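Architecture and fold: a report
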Number of protein chains: 2
Amino acid sequence: MPAICILDKFEVEKNERFLKIAEDLTPPLLEEMIAPESLITLGHNIKGEACIDSRKPLDTLPGLMLKKDDSVILDFGTHHVGYVTLDLSFLGSHPDAPAYLYLRFAQRLDELTVDMSNYEGWLSKGWIQEEYVHVDVLPSTLALPRRYAFRYLEIRVIDTSLKYGLTVRSASLRAVSAVKMDQVAPLQSFDPLLASIDQVSCRTLHDCMQLVFEDGPKRDRRMWLGDLRLQARANYETFRNMDLVKRCLYLFGGLTFNDGMLAGCIFLEPEAEPDDTYLFDYALLYGSILLDYYEQTNDRAALEDLYPIALRQIDIGLSYLTEDHVIPDHSGDFWCFVDWGDGLNTQAASLAILIYAIRYALRLADHIGDNATIRRLQEMQEVLKESAIRHFWDEEQKLFVSGAEKQVSWATQVWMILARVFPQDKCHELILHTIDVEPRIRMVSPYMVHHYIDALLRCGEEERALQEIRRYWGEMVQDGADTFWELYNPYNKNESPYGSVALNSFCHAWSCTPSYFLRKFFGRKKTEHNNS
Amino acid sequence: MPAICILDKFEVEKNERFLKIAEDLTPPLLEEMIAPESLITLGHNIKGEACIDSRKPLDTLPGLMLKKDDSVILDFGTHHVGYVTLDLSFLGSHPDAPAYLYLRFAQRLDELTVDMSNYEGWLSKGWIQEEYVHVDVLPSTLALPRRYAFRYLEIRVIDTSLKYGLTVRSASLRAVSAVKMDQVAPLQSFDPLLASIDQVSCRTLHDCMQLVFEDGPKRDRRMWLGDLRLQARANYETFRNMDLVKRCLYLFGGLTFNDGMLAGCIFLEPEAEPDDTYLFDYALLYGSILLDYYEQTNDRAALEDLYPIALRQIDIGLSYLTEDHVIPDHSGDFWCFVDWGDGLNTQAASLAILIYAIRYALRLADHIGDNATIRRLQEMQEVLKESAIRHFWDEEQKLFVSGAEKQVSWATQVWMILARVFPQDKCHELILHTIDVEPRIRMVSPYMVHHYIDALLRCGEEERALQEIRRYWGEMVQDGADTFWELYNPYNKNESPYGSVALNSFCHAWSCTPSYFLRKFFGRKKTEHNNS
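Residues numbered from 1 in each chain as written. Chains lettered and ligands numbered in written order. Predicted model: local features only at pLDDT ≥ 70, side-chain atom pairs only at ≥ 80, totals over all residues.

**Let's talk about the overall build of chain A**
Note the following rule: Labels follow the DSSP assignment, with helices taken as runs of H or I lasting at least four residues and strands as runs of E lasting at least two, numbered in each case from the N terminus. Our radius of gyration is a C-alpha quantity, and the globule rule it is checked against amounts to 2.2 Å times the number of residues to the power 0.38. Neighbour counting defines burial: a residue surrounded by 20 or more other C-beta atoms within 10 Å of its own C-beta is buried, one with 12 or fewer is exposed, and intermediate counts give partly exposed, using backbone-placed C-beta atoms. Here the contact rule is simple: place C-beta atoms from the backbone, and any two residues whose C-beta atoms are within 7 Å are in contact.
The secondary structure content of chain A amounts to 15 helices and 16 strands. Taken against the 2.2 N^0.38 rule, which gives 24 Å for 532 residues, the C-alpha radius of gyration of chain A at 25 Å falls within 12% of a compact globule. A principal-axis box enclosing the C-alpha atoms of chain A has dimensions of 85 × 55 × 45 Å. A buried classification covers 51% of the 532 residues belonging to chain A. Restricting the contact set of chain A to residue pairs at least 6 apart, pairs at least 24 apart contribute 76%.

What follows is the structure in C-alpha cells.
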C-alpha cells in the first residue's frame, strides 16, 4: 500500500529568522578519500543469499580489460556516503566508439543480484542507485556528480567496440559527513557482539549526518522528524554535534504550515521547504526533541524560540479528539506512522503518543515557567489516560486493543507503557505479558523496536533490553550489516513496504539507537557482565 | 560481417610541424540557438513506416505533466548537431524522489520506434544516442554535456513519484558547425526536387563540418579519408572553407605510420591520433584531395609539404602488386573499401583505383616539376591499364570481372571507367552496357553512387547523371531525409552493414555530393531544362 500524504490545503508559513539561524549552522562537510579494498565476485551461500565468492587484490584492477558485458565489482570495505571518481583507460586500438557503462551502487550484496528494471512497486525507480554513462574520450577521468550511499560498486561494460576494451586505472571515493568516525571512542565492552553493534550504530549515524540529520543517505536523503528524534538521542551519546540538532529544530520550526503544523519531513533543495506531509505522531514528538536538546545544552534562546512550536503541536493533536476523548481511527491513511507493517491499527497508539507528548510538553512548560499550560495539560493528561484505559484496555486479555476490530499489537502495548497510562509495576506486568502472548501484529522497523527497548528499560527490564538489542540488531550484524537497516523483520527478512527489498534503505538513521542505549544505560560493568 | 582493421604492427610517425599547422587552423565553432518547432506523436503509414500522427504547438509543452512512463517527442524542425539544455520543473507536491528520465535523440522517426536494448550487431551500442538521467533537484536546468546529431528528441519519464510529475518548461539546442547555412545561396533551379536535393546536401555537409570534416556527426564522429575527399569537393562548390580542408590534409599527413602509410581515419581526442586502419583505396586517393585543394587555392607550400605523402601512398600501393601486375584479392578483409554491401569482390576495383590515383599523382608531379616521377608513373600507368584489361576484361560479357569467381559488379565497371582503362568512347559503351545488364552486385552507399555519377559525367551522360541524382538522392528526399544517409539501397531500404538500420548514420558526409555535381556541372539552364 503506498504510504504518502498529499494535503489539499497547504499554506507554508516561513519564519525567516528561524531559517537564518538554521542556515548559519550549516555544517562544513568533512571529507575522507577512500580507495576500494578489493575486487570481488559473487556467489550464493546455502541459504541462497548473495555472498562473496572470491576476492582479488586492488592492484589487479588496472590490468583488467573489460569488453562488452564484462563487469567488475569493487568492495570499498564498509558503507560510505560520497562521490566516486573513476580513472578510465583502454587496452587495444584507439577507442573508435564511446564506451557505454552501467554502474550500480549497492549497500548490500543482494542489490547486485536483483534485476531492478522490472521494479513496479510504489516507490520511485529514481531511488535505484544506478547510472548509464557514455564515455566519449579515453583515457579520461569520470567524476560522477551525484552522491551515493554504498559499499559495493559494480562497473558493467554495456559495450566498447571490437577494437578496444575498457580499463579502470583507479577508483576513489570522496566520502562525506558532518562528523568523523574517530570522534567517538569505541564502546568499552568485552562482548564483541555489543561492540560491533555499537560500531555499526555509530557508522549508521555518521553516514546519515550530512547537511541535516538525513533519514537515509540512499533514500529518502532528507530529514524526517521522527528519525531526527532518535538520531539526536544517539548523537548526544556519541558525536555530540549540538549545532546540527539545533539547525534541524530551527528548520522544522521555521517551516510550519496550515496555522502551525510541523511537516513530517523537510527538503533542502533547491531551498528549504516542508513536505506537504503531516504525521500526527512525528509532529507531537517535536517537543521531546526540543526538551532533549535543551537539557543537553541549556540553550535558553532556542527553548524560548521553539517552545511555542512544540506546544502548538500538542494543541493540534488535541484538536483531533472526539467528544469521548479518543483519536478517530486513521489507520487506513499515512497519518500516524507508528511502524511499517501491513495491517497495523494505530488508533490506540495515536492516543498513547499524544499522552506521551504531553508529558514532554509539561517538562518544557516547567522550564519556561508557563504555569497556565502546566495546569491545563496536567488535567488533560489525566483525562486522556483514563480515556485510554476505558476505550482500549481489554481486562480479559490483559492487553490494550486498537480500532473497531480490537486489534492486539506489540506497538499499542509499547506506546501505552511509554505513555505511562498505568503505574510502573502494572506497565511491567504488561510488557512481560505481551512478551508471553507474542501478539501476531509484530514490530517491523528498528524505529518501533527502539520504543520497545525504551519500554523495557522503563519497566526495569534492563537485562532483557540488552538481550533484545543483541537479538535484533545483533542478528543484523550477523546478517552482514555494515550499517543498520531501515527495515528488519527477523521473521521475514525480505519484508519491504516498497514492493522490493532493494528499495529499502540499508543505512537508516532510526536504526542507530543501540549506541544511545548501550552508552546511556549500560556502563562498562553491565556490558561486560552480559558477555559472561 | 564486422568490417574492422587491427594492425599487428603499428608505428606512428608524427610530423609535429604538420600537426602544428593543422592545430593553428582549428576552426571556431559557430553557434546557433534552436528551439523545438512542435510536439509530435507517432503513428504508422500504410507501408508500416513511422510517421507523425499529430502535432501540438510548442507552447503546450510547459503545461504538460509527465508521470511514470509518460513521454513527449520534440521536433526541432530539421537535422542539427549540438548540445541540448532542458529547463525542468514539476507539478504537484515538492519532488520527494529523483526524477529518472530516458532521453532518445533520433535523426529519423524510425529510430524512435526501435527497442535498441536488444541490439546485438557488431557496432558498439555506445553509438545509440540515448541517455538515462537522474534529476535530483527540481526546478533545475539540465545541460547535457554530450553532442548529439538529431531532429527529434524523446523525453520519457521512467519515474517521478506518486507525489509529483515532471514538466519541461523549455528545451533548447545550441547547434554547432564550422560554417553557417546562409553562407551558401540556394541553388537556382526551377526543379523543386533538385533544389531540395541541393539543400539537403548542403545541410548534410554543414552538419558534418565541425573541428574537422566528420564522416557523420552521430557516428563515427571522426574524419575518414575517403569521406574527406568528397566533402572537400562539395565544399569547394558551397561553403568554400579552404582552411578546414588544409587542416585535414595536414592532420592526415602529420599522422602516418609504418613507413609512411596514411590512416583510414583520424581521432582528435584526447589528442590527434591515427586509427590503426589502413584502407588501400582511401590512402591512394589522398593525392586526389591534395590536387583538388591545390587547384582551388594555389597553396604552393601545402603542395610541397604534402606531395611526398601522396606519392608515398602510390608507392605503397604499387608494392602490393604481384609479378603479374595485379593486386591480390583481399575481398574478405576490411582492406579496400570501395562500397558497403555483402559479397562485393574488390580485386579489380583495387587495381582500377591504383591506376586512377596514379593519374592524380602525375598531375601533382607536374605541378611540382618532378620529371623522374612523371616518367616512372606514366610507364607504370600503361603497364597497369594493360594488366587490368588482360586480367579482368571479359570480352564475351563485355564487362570487367573481379576475383577468382569472376564477379560482375557495378563498382568494378565504374572504377575501370574512372581509371580510364579504355578510351572515352569505349568507356561510354561500357557504362551503357552496364546499365543495360544491371549487374546483380549493386551499389549500396552514396559514396559508390557518387563515383557512378562521376563515371556517367566522364562518359558525357550528363542527362542520365542528373536523372540518377534525381532517382537516388531524390528518393531519399521523398523518403523524408533532412540530411543524406550513409546507406541507401533503393531495393532494400532497411539495409545496414551493422545489424540494425538504427545504427546507420543519417547525416553522412559522403552523401553530400549532389551539391558538388549540380553546382559544378549543371548551370542554371541545365537544371531548368530538366524540370520541363
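**Description of the domain arrangement of chain A**
The test is simple: Residue ranges for the domains originate in an automatic or database domain assignment.
Taken domain by domain, chain A holds domain 1 (1-29 + 181-278 + 462-482 + 506-527), domain 2 (31-177) and domain 3 (320-460). With centres defined by C-alpha atoms, the gap from domain 2 of chain A to domain 3 of chain A works out at 47 Å.

**So, the sheet that holds strand E11 (residues 223-224) of chain B**
Residue and element names in this part refer to chain B. The condition that has to hold: Only strands that DSSP links by at least two bridges are regarded as paired with each other.
Read across the open sheet, the three strands follow the order E11-E13-E14; overall the sheet is antiparallel. The open sheet has two free edges, formed respectively by E11 and strand E14 (273-274), since each of these has just one partner strand. Two elements, E11 and strand E13 (residues 265-267), share two bridges in a ladder whose sense is antiparallel. Paired with Met 223 across the strands is Ile 266, a residue of E13.

**As for the packing of helix H1 (residues 16-24) of chain B against helix H4 (residues 242-253) of chain B**
Residue and element names in this part refer to chain B. Note the following rule: In this description, a line fitted to the C-alpha atoms serves as the axis of each element, helices being fitted only across the stretch in contact, and the angle between N-to-C directions of two axes falls anywhere from 0 to 180 degrees. Angle categories: roughly parallel below 35 degrees, roughly antiparallel above 145, roughly perpendicular from 65 to 115, and oblique for all the rest. A clockwise turn of the near helix away from the far one marks a right-handed crossing, whereas an anticlockwise turn of less than a right angle marks a left-handed crossing. Each residue gets one label: Ala, Val, Leu, Ile, Met, Phe, Trp, Tyr, Cys and Pro are nonpolar, Asp, Glu, Lys and Arg are charged, and the others, such as Gly, are polar.
Two elements in contact, H1 and H4, have axes separated by 8 Å at closest approach and are oriented at 155 degrees. Judged by the angle between their axes, H1 and H4 are roughly antiparallel. Crossing angle aside, the handedness with which H1 passes H4 is left-handed. Residue-level inspection shows Phe 18, Ile 21 and Ala 22 of H1 in contact with H4, the latter providing Arg 247, Tyr 250, Leu 251 and Gly 253. Counted by class, the contact of H1 with H4 contains five nonpolar, one polar and one charged residues.

**Regarding the relation of the copies chain A and chain B**
These two copies of the chain differ by a rotation about an axis and a displacement along the same axis. Keep this limit in mind: When the copies are overlaid, the least-squares fit takes in C-alpha atoms only where the residue has pLDDT of at least 70 in both copies.
When chain A is fitted onto chain B, the two copies agree to an RMSD of 0.0 Å after a turn of 180 degrees and an axial shift of 0.0 Å. Overall, the copies show the geometry of a two-fold rotation axis. No C-alpha of chain A lies nearer the rotation axis than that of A:Tyr132, which sits 2.9 Å from it. Comparing interface residues between copies, 100% of those in chain A also lie at the interface in chain B; the contact surface is shared.

**Focus on helix H6 (residues 286-297) of chain B**
Residues and elements named next belong to chain B. Rule in force here: The length a helix should cover is 1.5 Å for every residue beyond the first.
The end-to-end C-alpha separation of H6 is 17 Å, in line with the 16 Å expected for 12 residues at 1.5 Å each. Within the span of H6, buried status applies to Tyr 286, Gly 287, Ser 288, Ile 289, Leu 290, Leu 291, Tyr 293 and Tyr 294. The elements touched by buried residues of H6 are helix H3 (225-237), H4, helix H5 (280-284), helix H7 (300-319) and helix H8 (347-368). Following H6 by one or two positions, Asn 298 has its phi on the positive side, about 60 degrees.

**Some details on helix H14 (residues 514-521) of chain A**
Most of H14(A) sits out of view: six of its eight residues are buried. Those residues of H14(A) lying buried are A:Pro514, A:Ser515, A:Tyr516, A:Phe517, A:Leu518 and A:Arg519.

**Quick word on the sheet that holds strand E13 (residues 265-267) of chain A**
All names here are of chain A. Ordered by their spatial adjacency, three strands build an open sheet running E11-E13-E14, and the pairing between neighbours is antiparallel. Of all the strands in the sheet, just strand E11 (223-224) and strand E14 (273-274) have a single pairing partner and so form its edges. In this sheet, E14 lies alongside E13 in antiparallel orientation, the contact comprising two bridges. Considered in E14, the bridge of Ile 266 is made with Pro 274.

**Concerning the interface of chain A and chain B**
Between chain A and chain B, the residue contacts involve 34 residues of the former and 34 residues of the latter. Where the side of chain A that touches chain B is concerned, the elements lending two or more residues are strand E6 (99-106), strand E7 (130-135) and strand E9 (148-159) of chain A. Residues that form the side of chain A that touches chain B fall into these classes: 16 nonpolar, seven polar and 11 charged.

**Concerning the pairing of strand E10 (residues 164-177) of chain B**
Residues and elements named next belong to chain B. Note: strand E2 (residues 30-34) against E10, five bridges, orientation antiparallel. Residue Leu 30 lies in a different strand from E10, and its bridge partner there is Ser 177. Here strand E5 (residues 71-92) runs beside E10; their pairing, made up of 11 bridges, is antiparallel. Looking at E10, one finds that Ser 89 is bridged to Thr 167.

**Here's the deal with unusual backbone geometry**
The omega torsion of the bond from A:Leu138 to A:Pro139 falls at -5 degrees, within 30 degrees of zero and hence cis. In this structure, B:Lys406 is a non-glycine residue whose phi angle is positive, near 50 degrees. Relative to the helices and strands, B:Lys406 is located in the loop between strand E16 (399-400) and helix H10 (410-418).

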